[in-house]
Amino acid sequence: MEKVDKALLDASVMPDKNGFFGEYGGRFVPPMLEPLMQEITDAYQKIKDDPVFKEELLYLQKHYTGRPSPLFYAKNLTNKLGGAKIYLKREDLNHTGAHKINHCLGEALLAKKMGKKKLIAETGAGQHGVALATAAALVGLECDIYMGEVDIKKEHPNVVRMGILGAKVIPATHGLKTLKEAVDAAFEAYLKDPVNQLYAIGSVVGPHPFPMMVRDFQSIVGVEAKEQILEAEGKAPDNVVACVGGGSNAIGIFSAFLDDESVKIHGIEPAGTSFKTGEHAATLSLGKPGMIHGFKCYLLQDENGEPAPVNTVASGLDYPGVGPQHSYLKDIKRVNYDSITDKEAIDAFFELSRYEGIIPALESAHAVAYAIKIAADLPKDQTIVVNLSGRGDKDIDYVVEKYGNDYGL
Amino acid sequence: MNRIKQLFQDKKDILSIYYTAGYPNLGDTVPILETLEKSGADLVEIGIPFSDPLADGPTIQHSGETALKNGMSLNVLFEQLAEVRSKVKMPLILMGYINTVHKYGIEAFAEKCNEVGVDGVILPDLPFQVYLDEYKDTFDKFGVSNIFLITPQTPDARIKLIDEKTNGFIYMVSSASVTGAKKGLSDEQLAYFDRVNQLNLDNPALIGFGIGDNASYKETCKFADGAIIGSAFVKLLGESGDLHQNIQSFIKSIKG
Ligand SMILES: Cc1ncc(COP(=O)(O)O)c(C=O)c1O
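Rules used in this analysis
- Residues numbered from 1 in each chain as written.
- Chains lettered and ligands numbered in written order.
- Predicted model: local features only at pLDDT ≥ 70, side-chain atom pairs only at ≥ 80, totals over all residues.
- Helix = DSSP H or I, 4+ residues; strand = E, 2+ residues; numbered from the N terminus.
- Rg over C-alpha atoms; globule rule 2.2 N^0.38 Å.
- Buried ≥ 20, exposed ≤ 12 C-beta atoms within 10 Å, placed from the backbone.
- Contact = placed C-beta atoms within 7 Å.
- Axes fitted to C-alpha atoms, helices over the stretch in contact; angles between N-to-C directions.
- Left-handed = near helix turned anticlockwise from the far one by under 90°.
- Nonpolar A, V, L, I, M, F, W, Y, C, P; charged D, E, K, R; others polar.
- Pairing = 2+ DSSP bridges.
- Domains from an automatic or database assignment.
- Core = buried A, V, L, I, M, F, W, Y, C linked by C-beta atoms within 7 Å.
- Near = placed C-beta within 6 Å.

Asks: Which parts of the structure should I look at to understand the overall build of chain A?
Replies: Check the secondary structure of chain A and you find 16 helices and 14 strands. Here the C-alpha radius of gyration of chain A, 19 Å, is about what a compact globule of 409 residues would show, namely 22 Å. Expressed along its principal axes, the backbone C-alpha trace of chain A runs to roughly 55 × 50 × 45 Å. Each of the 409 residues in chain A was classed as buried or not, and the buried ones make up 60%. Considering only residue pairs separated by 6 or more positions, chain A has 75% of its internal contacts joining residues 24 or more positions apart.

Asks: I would appreciate a short explanation of the packing of helix H2 (residues 29–39) of chain B against helix H12 (residues 243–255) of chain B in the present structure.
Replies: Each pair of packed helices can be described by the angle between their axes along with the distance between the axes. Residues and elements named next belong to chain B. With their axes 9 Å apart at the nearest point, H2 and H12 run at an angle of 35 degrees to one another. As H2 packs across H12, the resulting crossing turns out to be right-handed. Residues Ile32, Thr35, Leu36 and Ser39 of H2 pack against His244, Ile247, Gln248, Ile251 and Lys252 of H12. A breakdown of the residues in the contact of H2 with H12 according to their chemical character gives 4 nonpolar, 4 polar and 1 charged.

Asks: Explain the sheet that holds strand E8 (residues 197–199) of chain A to me, please; I cannot follow it from the model alone.
Replies: Hydrogen bonds along the backbone pair up the strands of a sheet, which may run parallel or antiparallel. All names here are of chain A. In spatial order, the strands read E7-E6-E5-E8; together these 4 strands make up an open sheet with parallel pairing. Sheet topology places strand E7 (168–172) and E8 at the edges, where each strand pairs with a single neighbour. Taken over all neighbouring pairs, the strand axes of this sheet differ in orientation by 25 degrees on average, direction set aside. Relative to E8, strand E5 (residues 118–123) is paired through 3 bridges, and the arrangement is parallel. By the bridge assignment, lysine 118 is partnered in E8 with glutamine 197.

Asks: Would you take a moment to explain the domain arrangement of chain A for this structure?
Replies: Where interface size is given, it is often the accessible area lost as the parts come together that is meant. All names here are of chain A. In terms of domains, chain A is made up of domain 1 (27–61 + 100–214) and domain 2 (67–97 + 219–407). Put simply, the middle of domain 1 and the middle of domain 2, counted by C-alpha atoms, are 23 Å apart. Listed per partner, the contact involves 33 residues of domain 1 and 34 residues of domain 2. If you list the elements that add at least two residues to the side of domain 1 that touches domain 2, you get helix H4 (100–113), helix H5 (127–139), helix H6 (149–154), helix H7 (156–164), helix H8 (179–192) and helix H9 (210–218).

Asks: Mind showing me how you'd approach the nonpolar core here?
Replies: Within soluble globular proteins, side chains that are nonpolar generally end up buried alongside one another. Ranked by size, the top nonpolar core spans 209 residues in total, and within it A:Leu119, A:Leu132, A:Ala186 and A:Val386 carry the most contacts. Those residues in contact with A:Leu132 that lie beyond four places of it in its chain are A:Cys104, A:Leu119, A:Ala121, A:Cys143, A:Ile145 and A:Ala200.

Asks: Explanation requested: the site of the ligand in the structure shown.
Replies: Residue and element names in this part refer to chain A. The environment of the ligand is formed by 21 residues, the closest being Gln127, Gly245, Ser248, Gly316 and Gly390. Every element with two or more residues in the shell around the ligand is listed here: H5, helix H11 (248–254) and helix H15 (362–375). For the shell around the ligand, the element with the highest residue contribution is H11, accounting for 3 residues. Looking at which domains feed residues into the shell around the ligand, each of domain 1 (27–61 + 100–214) and domain 2 (67–97 + 219–407) gives three or more.

Asks: Please clarify how the interface of chain A and chain B should be interpreted in this entry.
Replies: Across the boundary between the two partners, chain A contributes 28 residues, which contact 29 residues of chain B. Secondary structure elements with two or more residues in the side of chain A that touches chain B: H8 and strand E11 (288–292) of chain A. Per-element tally for the side of chain A that touches chain B: the top contributor is H8(A), with 6 residues. Class assignment for the residues of the side of chain A that touches chain B results in 12 nonpolar, 10 polar and 6 charged.

Asks: Would you mind going over the sheet that holds strand E10 (residues 264–272) of chain A with me for this structure?
Replies: Residue and element names in this part refer to chain A. Reading across from one edge, E3-E4-E14-E9-E10-E13 is the order of the 6 strands in this open sheet, with mixed pairing throughout. Sheet topology places strand E3 (71–73) and strand E13 (336–341) at the edges, where each strand pairs with a single neighbour. Averaged over all pairs of adjacent strands, the angle between their axes in this sheet comes to 30 degrees, without regard to strand direction. Pairing between strand E9 (residues 239–243) and E10: 5 bridges, direction parallel. Bridge pairing in E10 links cysteine 243 to isoleucine 268. Helix H14 (residues 342–356) contacts E10 and E13 of the sheet and is inclined by roughly 80 degrees relative to E13.

Asks: Would you take a moment to explain unusual backbone geometry for this structure?
Replies: Residue A:Arg67 is joined to A:Pro68 through a cis peptide bond whose omega torsion reads 0 degrees. Examined against the element boundaries, A:Pro68 turns out to sit in the loop between helix H2 (51–65) and E3. Cis geometry marks the peptide bond from B:Tyr23 to B:Pro24, where omega comes out at 0 degrees. Structurally, the position occupied by B:Pro24 is in the loop between strand E1 (14–20) and H2. For A:Lys177, which is not glycine, the phi dihedral falls at a positive 60 degrees. By the element assignment, A:Lys177 lies in the loop between E7 and H8. One non-glycine residue with positive phi stands out, namely A:His293, at about 45 degrees. Of note, A:His293 is situated in the loop between E11 and strand E12 (295–299). Under the C-beta neighbour-count criterion, A:His293 is labelled buried, with 27 such atoms within 10 Å.

Asks: Could you clarify how one ought to interpret the environment of B:Lys103 in this entry?
Replies: Note on placement: B:Lys103 falls in helix H5 (residues 98–104). Once residues within four sequence positions are removed from consideration, B:Lys103 is found in contact with A:Gly290, A:Gln301, A:Asn304 and A:Gly305.

Written as structure tokens, this is what we have:
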């Protein structure tokens, strides 16, 4: 990261006032959306340092979500690999089973303060949808969740959960019928009634202020992890690893370590079944800068600028774009973005389950797989902190049906 | 003088039609254009299909999806338009999303527009500041006008800045929603038209979004230099019967 002003890694100065992280981010939206995004930005700026809001959020984080989430030393896995010590930041233990609740509570409180009646959002794996439906139920808002028809079939338990929580799940039926199309559908619905609805996007993507706001709400993960690893090891971690779909869990844990150059940071994308177009979603590895859903980022696209089809076992990583701050961190080489195949992720899914008794979400299994990959070659006094962004209950039927044979099931 | 300026100087109550390139069939782009000119449309906006069109309602979205399946792309569109100036005289505008143009290359795109005789470009998701900083000089160099959308929420200062920095026309979106034909003007819309008219802009203005019949066209023309019809026309293209006869009778019915 030569030539980079360290101050630029400070969350308080990134993004700039127009929402740009270097050349990425911004607000590439039609003028109907522009004032709506500004309204959310203004409301968020006003509320974020308000002591009443902060206290309310803090209370919920502690007594509702169950924060701080533990940092667990995965001793069995570490011993088996014989290298660096692997620590797991247990976001899977949060209420609703993933990191998504961190920004959903923030967005729900914001919507309530703005006088909105309904929260709407897209969801891929259903984790963001469940977390938002939960937050909506808690603060007393209606909730519509847009979800690709393909994902509705694949993530059935989460669809049921959203229904029980009182949310409406609306299928996105165009294109590939997965996450990208769900975002289209949510934007379209949002524009139909922007007065009563708030679009609570599910990751650090979309037009400004979402990449900033969602990051801020997720940054608690990094703040806690930094304190916890210091307490456990007496020093900063040598490596931090997180999976990257849109990039919310990753930026959440990365943000606390960006300005400490001794910490190697790894963002892990899904390599799917191959690097052929349509068989992966390794956006930062293989994409080119472009604009999608109102922001500029690395984008998987064809020669005509059409977003490319994507595919991975992990629905929550199935997106051709990626957060603008990650795009920026790639360019300045502060973060190492690498990828893990479906096969490696499934192996890690079973390995963590069988060595530590923790069933990870398929998304998080990508981060675990990368830690497994690098741990053996690192000295024993080094550490790897993995953001275990979610639990795998939602994935069990799918995994057993598709891969059970190979693992004696 | 460029074709857009000339048109607004010569005519009142401009009827501008939007349709998606490559819809309903890949080869329909130019034949539709010819029929439109013959039928009396004054200006045409040809949509470049994009799979994630944040400004468009279901009708135009669907047409874009079909066009992409048909094989439409910016390259194909420019091929189709190569000889267009030997066939139609009216001003032509391309309307599309920023990523398509960004990928093609801004300079290459502006140059190609100039070469085939495209007069203006509408990129609804291009932020005005980014346009000024990174795009304007290139489009100016090739004499291609940039047209920007304004809505009831656009502040006066921004409208004046758009007026000062661009030289095609101002595209007034009549309600702060996605495209799609609706009926009747609300008090809010009337106040908005009034507000814009009182700014005494140098550029002409067209009103779009939600216009689909003779009554709404006539009504709209009272408040601006003309009207833009999109979804209602695209819907017609998807209907059965003879495409070109349908277009002729549609334009006739709009003009009354
Ligand atoms: C458990 C889990 N981890 C990660 C992700 C990916 O999202 P992000 O990259 O924003 O953290 C998801 C998305 O659904 C998820 O459910």
